[in-house]
Each structure stands twice: as structure tokens, then as C-alpha cells.
Amino acid sequence: MIVALGDEPLDHGSAQFQPSNLEFTSVDVGNTAGNVIPGQARAKFNIRFNDHHTQDSLRTLIEQRLTQAAGNRVRARIVWEPSNSNVFVTKPGAFTDLAVAAIEEITGRRPELSTSGGTSDARFIAGYCPVIEFGLVGQTMHQVDERTPISDLEKLTRIYRGVLDRYFA
């Protein structure tokens, strides 16, 4: 079942996004003994998806693949967890232009607009206002000892101030 769900690509990406990706994060048969054939198995997966899909279209696609792989041999079902992960893209325009200008003024480099950073917390407010995600990226991101040089924080603060000054001008 795992191979059937993960073997075929969900898509090949779009103009703004990388290909959607289904990743298994846990597989468990619940056996405490090593010499017993399991009566059942459970697996968890996560899907990072692009603008070719909605939550509903992905559910339909994955359920079809599971039904086909199970055939009449295996009883299988998916318990879908609630999700707030919807695809969003802030199209280039006045808002992105002012952010690009603020970044370029402080760093001397013109940033590339990209969706390669993965799932963004901006999804929680994307329905209410235009959003971009911009911040520090470093070697220790999401680690216990995450850290960044003070000079990078100071530069980031100046960039954020430049965005706000331009927005409210």
C-alpha cells in the first residue's frame, strides 16, 4: 500500500511550485514480539502540494490509488486529519515590489521570488491580505541550538522597517 501511494508522482510541478510530495512519516504494526505476522498495520503520511491540487482533489486521488492497490485482498482506509494547508501565491505586484526594494536597499542584492521554502505559516492569513515570507535562513534552522549572528538580526530589522515605511507611505 505504501509503495502504491508513493510510487507514482502526484504531479510534475507548476510554474510557481515544485512537484507535490507524499512522504510517509510513520509505519507501525504494533507487534511486541519479533516472530509474529501482524494482523494490521498503520502508516502516517504528509503531503506537501502545489497549485495543481486542492485538499479535496488530493483526497480523491489518494483514495483512488489506495482502493486500486488494495483490490479485493486488503481492507484499507484513510483517516484524514483536519488541515489548514491550502496553496496560496502572492502574485508579483505593488506589494512584492516594495518588499523587493526594501531588501535590495539593505543587502545590495535583488531577491528572487520563490515558493521553494516549504509550508508557510503565512497560510493562516493569506485569505485576509497579501503575504510574503521573508526572514533569516541559516545552518541551524529548526535545531535545538538555532542561532544567528546579531548583525543579521539588525539587517533584517532594517529590511522590515523599510517594508513598513514603504507600505504606509
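Procedures and definitions
- Residues numbered from 1 in each chain as written.
- Predicted model: local features only at pLDDT ≥ 70, side-chain atom pairs only at ≥ 80, totals over all residues.
- Heavy atoms only, no water.
- Helix = DSSP H or I, 4+ residues; strand = E, 2+ residues; numbered from the N terminus.
- Buried < 20%, exposed > 50% of the residue type's maximum accessible area, 1.4 Å probe, protein only.
- Contact = heavy atoms within 4.5 Å.
- Salt bridge = Lys/Arg side-chain N within 4 Å of Asp/Glu carboxyl O.
- Axes fitted to C-alpha atoms, helices over the stretch in contact; angles between N-to-C directions.
- Parallel < 35°, antiparallel > 145°, perpendicular 65-115°, else oblique.
- Left-handed = near helix turned anticlockwise from the far one by under 90°.
- Nonpolar A, V, L, I, M, F, W, Y, C, P; charged D, E, K, R; others polar.
- Core = buried A, V, L, I, M, F, W, Y, C linked by side-chain atoms within 4.5 Å.
- Patch = residues over 30% accessible without salt bridge, like charges linked within 9 Å, V, L, I, M, F, W, Y side chains within 5 Å.
- Areas by Shrake-Rupley, 256 points an atom, 1.4 Å probe, with all protein chains shown as cover.
- Phe/Tyr/Trp six-rings, centres within 6.5 Å; stacked < 30°, edge-to-face > 60°.
- Expected span 1.5 Å × (residues − 1).
- Polar contact = N/O pair within 3.5 Å; in protein donor to acceptor, adjacent residues only side chain to side chain.

(A) Here's a closer look at the overall build of the protein. Looking only at helices and strands, the protein features 4 helices and 2 strands. Starting at the N terminus and walking to the C terminus, you meet the elements of the protein as α-β-β-α-α-α. Its C-alpha atoms give the protein principal-axis dimensions of roughly 65 × 35 × 25 Å. Split into buried and exposed, the 169 residues of the protein put 19% on the buried side. Partitioning the intrachain contacts of the protein with sequence separation of at least 6 by distance along the chain shows that 59% fall at a separation of at least 24.

(B) Examining the pattern of salt bridges more closely. Enumeration according to the criterion identifies 5 salt bridges in this entry. One salt bridge connects E8 with R65, and the closest N-O pair in it is separated by 3.7 Å. Separated by 57 residues along the polypeptide, E8 in the loop between α1 (2-7) and β1 (21-28) and R65 in helix α2 (residues 55-70) bring together distant segments of the chain. In this structure, R147 engages D145 in a salt bridge whose closest nitrogen and oxygen atoms are separated by 2.8 Å. For R147, a relative accessible area of 55% translates into the label exposed. Exposure remark for D145: the relative accessible area of 42% places this residue in the partly exposed category.

(C) Structural view of the packing of helix α3 (residues 94-107) against helix α4 (residues 150-167). The N-to-C vectors of α3 and α4 enclose an angle of 140 degrees; their axes lie 8 Å apart at closest approach. With respect to α4, the axis of α3 lies oblique. Where α3 crosses over α4, the two elements pack in a sense that is right-handed. In contact with F95, L98, A99, A101, A102, I103, E105, I106 and T107 of α3, α4 contributes K155, R158, I159, G162, V163, R166 and Y167. Of the residues in the contact of α3 with α4, the class split is 10 nonpolar, 2 polar and 4 charged.

(D) Summary view of the nonpolar core. Within the largest apolar cluster, 9 residues are counted, these being L5, L10, L22, I47, F49, L58, I62, L66 and I78. Ignoring anything within four residues of it in the chain, the contact list for L22 reads L5, G6, L10, F45, N46, I47 and I62.

(E) How the structure looks around a nonpolar patch on the surface. A cluster of nonpolar side chains, namely F124, I125 and Y128, defines an oily patch on the protein surface of about 380 Å² accessible area. In this structure, F124 sits in the loop between α3 and α4.

(F) Broad picture of the packing of aromatic side chains. Under the criterion given, the structure shown has 5 aromatic pairs. Between F95 and Y167, the ring centres sit 6.2 Å apart and the planes meet at 85 degrees, which makes this aromatic pair edge-to-face. Placement of F95 in helix α3 and of Y167 in helix α4 is noted, with a sequence separation of 72 residues between them. Here the aromatic rings of F134 and Y160 are separated by 6.3 Å at their centres, their planes lie at 80 degrees, and the arrangement is edge-to-face.

(G) How the structure looks around α3. Over its 14 residues, α3 extends 20 Å from the first C-alpha to the last, a length consistent with the 20 Å expected when each residue adds 1.5 Å. For α3, the set of buried residues is T96, L98, A99, V100, A102 and I103. Just past α3, the residue G108 takes up positive phi, approximately 80 degrees.

(H) Focus on the side chain of S20. Locating S20 in the fold gives a position in the loop between α1 and β1. The class of S20 is buried, set by a relative accessible area of 9%. Engagement of the side chain of S20 in a polar contact is seen with the backbone nitrogen of N50, the distance being 3.0 Å. Excluding its chain neighbours within four sequence positions, the residues that come into contact with S20 are L10, D11, R48, F49, N50 and H53.

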